[in-house]
Structures are given as structure tokens and as C-alpha cells.
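Read off the chains here:
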Amino acid sequence: MKLYAPKWKWYPDGRNSRDNYKRLRIEIKYGLCRDFISFKPVKKVSDEQWELICKKKSGKSITKNMILNVGLSQDDFEDIFLWVGAMERRISGVLESLKDRQQLTLKDIKVAFENYMPATRNNLSVVHLFEEYVSKLEKPKTREVYNLACRSFCKFYEEKIGGSVSNFLITDITSEFLQQYTQYMQKTSAEVYKRHLRAIYNFAKKKNLIHATENPFAGLIKKVQSKNIALNIEQTEVLFNLQNLPAKQQMAVDFLHIAYWLNGANFADIATLKRENIDNNHIVFSRLKTKGRSRIEIRVKLTKALKGLIKKYENKDKSKGAYLFPFLIDCPTDEESISKKIDAEKHLIMHALAKVKAKLGLTELNFNVIRHTFATQTYYSTNHDLYGVCKALGHNDI
């Protein structure tokens, strides 16, 4: 059987569907045979607008007046053009998936188009893949960040690509798509979200849902430099000796002080401390962040200053299993509810700290800053004992 390279071309269907939407029509040619497939309408455009899109696609110069003359704004025109590009990438993806077939009929090609293009197959849906991947994650906070990433990409797909989220396939993820997303976001969070999307993409590859030979993420994910800001000794003394602050601001500063005494503990570690963590004039705990890994026990002596701060804010319930501080009182015991409650309480403290930060003229003031402050000051006060500092912070390794 003589093999021919399948050919295709697309154009708007001459028939208007409901609300004057234009359908995308693809003509498939294979050998002497041909067939047509029409797809779900996505953009409400006229024949003149489609003609202008095709002109730009062919490389012809398009002016702003030409766009205005067909009743489109510059942004709408670009949105439609991006959508056309996305559809063409899908068409190319269909042909790419068929290139290694030894025998091929027009029916095979048409079935491949129908299966691939409308995104009715849940296993290729970006949203479905995110949901499946997230369901296997243990930490609520991690699940939340992945869900935020999914919503961000879906919003971009709807607003800039111009498609329905139900048609958003993992095979739409190309280097061009990622570049457009980065320009759309223009935020550091874009780099974080692209990392999460890469995890989903690799997840789909492991499931043999895609067989891409090139990595669309190559060179497109920048390393986000964390700001490890630490206060100097003078700034630390000024912060912890502030007087006459409003109650909420004083409470926020006091819990930073508690974090410092607890070897730079984060707020979640503090909020989840219980009476049973107090052992022979010491507080003994492990960082929540290391859950699921080998956890290092942190043991901190209860100094007079730390005892005073605990007494000032402690939970009235003195039973052994009660929380040391009242942040999680009456909170459901499931992990997700606890995580949300901790985030809500931390948000209130951070809001108060923003005002303290402004008073002191600091660029950053949060629990992470206090952690780095503790680590830096301990490192220099112990004659550069890096091992001791890592152990005090609860790190598994140096």
C-alpha cells in the first residue's frame, strides 16, 4: 500500500451557528480522498474578521485601522489570533501522532482528529490531570498551591487563547504557550506555577498520554531567588523592646519573639504546640514542614522571657492534650481545616506586622525573617558552628 503524507487546511465554516459563531472547519486530504470535520464554535467573528486573521497568519502586514474597520479592538484581534495558533498546534499534534503508522486510511486520520481536537477525553484534560495529581498529594498547603496554579492557567487559556477550559488539553502546552503565559502574568508567581505545570506535564508523560520528543519547558523556567533577609542585632533589640504598641501589633511582635526563642520556628509550628510538648522545663517539638521525612527533634529551654510570653497568651485549658496557644480552639481536627485556620490566624498577624515594619523602616518583617535572624546570629555567636545551627533549626542535613 503506497503511503501518502496526510494534508490539511482549515477555514471558517460558511454556515453560522447559534449567535452567529463561526465554526472551524478542517479539510483533510489523504491520497485522492478528502473529508471534512467541523468543530465547536469558540469565537464570535464575522467573515471579514476571519479574513483579516488569515492575512496576518500568512505573514501580511496588518494595521490598527484595518482591525478597527472590521469591528475588533486590538486586544480582541490578538486573542482570536492566539486561539487560531492554539488550534493549529493541535492539528499538528494529530499529524505528529500518526507519522509512525505503517498503514493509514482516511478514516484513521478522521478518528484521530475527532478524538484529539474536542478534548472530550478526560485523560488529556489539563484540569482532569491536575485533579488526579493533586488527589495524591498529602499536604493541604501543597494541594492548595497546585489548585491556584491550575486556576491561573485556565484563566489564561480562557482570556488569551480564547478557548473553553473543557477544551484545554495537556498537548496544548508548548514553549510558545509558556512564553505567552509568562508575558500575561508578569509576576514571580508565574515561575512557581510553571514548575507545577511541568510536574503535571511529566505526570502525563509517565501515563503515556503524550509522547513529546522536545521539552516545552526547556529554558523557560527561571530560578526564583529567595530573599534570606536577617535583622542585625541592633534591629532585633529595637523590635523586641518596642513599647506602647496597639494590642494587635504587640501580639504580633510577641509571637515573633516566641518564634525567635523557639529556634526560628514558623507560625504553624507555634500554633500547633500542645501542653504535652513541655518536658522538664523544655519545649520539645519537630517542624511540621518535615512531616513524612526523618524528623529532627528540637529541644528549647524555657527561659524566663519565654515563660513570660507563653503565660501572656496561653490557652486557658491546661489539660495535657490541649493546644498551648488558643489559635486552634474549636477547630475541626482534620488536616485541611487546621491548615486553613492557621493561614487565617497568620494573615491577621502579618497584617499587624505590616504596620510595625513601616514604623521601623524595615523592608521585610515576617516569621521567615526571624528564622534567618536566629540562624545568622547563632552562627556568628557560636564561632561559625554550622552543624549546631542546622541541628537547632531542625534540618536533616547541612
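Before reading further, recall that the structure is shown in the block above.
Here is a short report on the structure shown in this document. (Residues numbered from 1 in each chain as written. Predicted model: local features only at pLDDT ≥ 70, side-chain atom pairs only at ≥ 80, totals over all residues. Heavy atoms only, no water.)

## So, the overall build of the protein chain
Point 1. When helices and strands are tallied, the protein chain shows 15 helices and 5 strands.
Point 2. Looking at the protein chain residue by residue over its 398 residues, the buried ones come to 42%.
Point 3. Restricting to contacts in the protein chain with at least 6 residues of sequence separation, those with at least 24 account for 58%.
Point 4. If you sum the accessible surface of the protein chain, you get close to 22800 Å²; carbon and sulfur atoms cover 49% of it. (Helix = DSSP H or I, 4+ residues; strand = E, 2+ residues; numbered from the N terminus. Buried < 20%, exposed > 50% of the residue type's maximum accessible area, 1.4 Å probe, protein only. Contact = heavy atoms within 4.5 Å. Areas by Shrake-Rupley, 256 points an atom, 1.4 Å probe, with all protein chains shown as cover.)

## A few points about the nonpolar core
Most often, soluble globular proteins have nonpolar side chains that are buried together.
Point 1. Among the nonpolar cores identified, the biggest contains 48 residues, and Leu239, Leu262, Ile270 and Phe325 are the most heavily contacted of them.
Point 2. Of the residues forming this core, the biggest block, 7 residues, is contributed by helix α10 (residues 247-261).
Point 3. The next biggest cluster of nonpolar side chains, apart from the first, holds 36 residues, and it includes Phe156, Ile161, Phe177 and Ala204. (Core = buried A, V, L, I, M, F, W, Y, C linked by side-chain atoms within 4.5 Å.)

## A look at the pairing of strand β5 (residues 298-301)
Point 1. Of the two faces of β5, the one holding Ile298 and Val300 is buried and the one holding Arg299 and Lys301 is not buried anywhere.
Point 2. Direction of pairing for strand β4 (residues 282-285) relative to β5: antiparallel, over a ladder of 4 bridges. Residue histidine 282 lies in a different strand from β5, and its bridge partner there is lysine 301. (Pairing = 2+ DSSP bridges.)

## A closer look at the environment of lysine 7
Point 1. For lysine 7, the location among the structural elements is in strand β1 (residues 7-16).
Point 2. Owing to a relative accessible area of 59%, lysine 7 belongs among the exposed residues under this scheme.
Point 3. Leave out the neighbours within four places in its chain, and lysine 7 touches Glu27, Ile28 and Lys29.

## Things to note about the packing of aromatic side chains
Point 1. In total, this model carries 19 aromatic pairs according to the counting rule given.
Point 2. Ring geometry for tyrosine 201 against phenylalanine 217: centres 5.5 Å apart, planes inclined by 70°, an arrangement best described as edge-to-face. Note that tyrosine 201 is positioned in helix α8 (residues 188-206) and phenylalanine 217 in the loop between α8 and α9 (233-240), a separation of 16 residues in sequence. Of the two residues, tyrosine 201 and phenylalanine 217, neither departs from the other in class, the shared state being buried. (Phe/Tyr/Trp six-rings, centres within 6.5 Å; stacked < 30°, edge-to-face > 60°.)

## Description of the pattern of salt bridges
Point 1. Using the criterion set out here, one finds 8 salt bridges in the structure.
Point 2. Residue glutamate 314 is joined to lysine 318 by a salt bridge in which the shortest nitrogen-to-oxygen separation is 3.9 Å.
Point 3. Within the structure, one salt-bridge network assembled from shared partners comprises Arg275, Glu314 and Lys318. (Salt bridge = Lys/Arg side-chain N within 4 Å of Asp/Glu carboxyl O.)

## A look at the side chain of histidine 196
Point 1. Locating histidine 196 in the fold gives a position in helix α8.
Point 2. Each residue touching histidine 196, except ones within four places of it in the same chain, is listed here: Val145, Tyr146 and Ala149.

## A word on the state of the cysteines
Point 1. One pass over the structure, following the stated rule, counts 0 disulfides.
Point 2. No disulfide involves cysteine 150; its sulfur sits 4.1 Å from that of cysteine 154, the nearest cysteine.
Point 3. Among the residues examined, cysteine 150 registers a relative accessible area of 9% and is labelled buried.
Point 4. Accessibility expressed as a relative area gives 10% for cysteine 154, which makes it buried. (Disulfide = S-S within 2.5 Å.)

## A few points about unusual backbone geometry
Point 1. Phi at asparagine 281 takes a positive value of approximately 65°, unusual for a residue other than glycine.
Point 2. Examined against the element boundaries, asparagine 281 turns out to sit in the loop between α11 (267-271) and β4.
Point 3. Taking the relative accessible area as the measure of exposure, asparagine 281 reaches 34% and is therefore partly exposed.
Point 4. The backbone phi angle of aspartate 330 is positive, close to 65°, even though this residue is not glycine.
Point 5. Checked against the element boundaries, aspartate 330 lands in the loop between α12 (304-313) and α13 (335-360).
Point 6. On the basis of relative accessible area, aspartate 330 is assigned to the exposed category, the value being 78%.

## Re helix α5 (residues 126-134)
Point 1. For α5, the complete set of buried residues consists of Val126, Leu129, Phe130 and Val134. Seen along its axis, α5 keeps its buried residues to an arc of 125°; they face one direction.
Point 2. In this structure, the buried side of α5 is in contact with α6 (140-161) and α8.
Point 3. For α5, the capping residue at the N-terminal end is serine 125, with a side-chain oxygen 3.3 Å from the backbone nitrogen of valine 127. (Arc of directions from axis to C-beta. Polar contact = N/O pair within 3.5 Å; in protein donor to acceptor, adjacent residues only side chain to side chain.)

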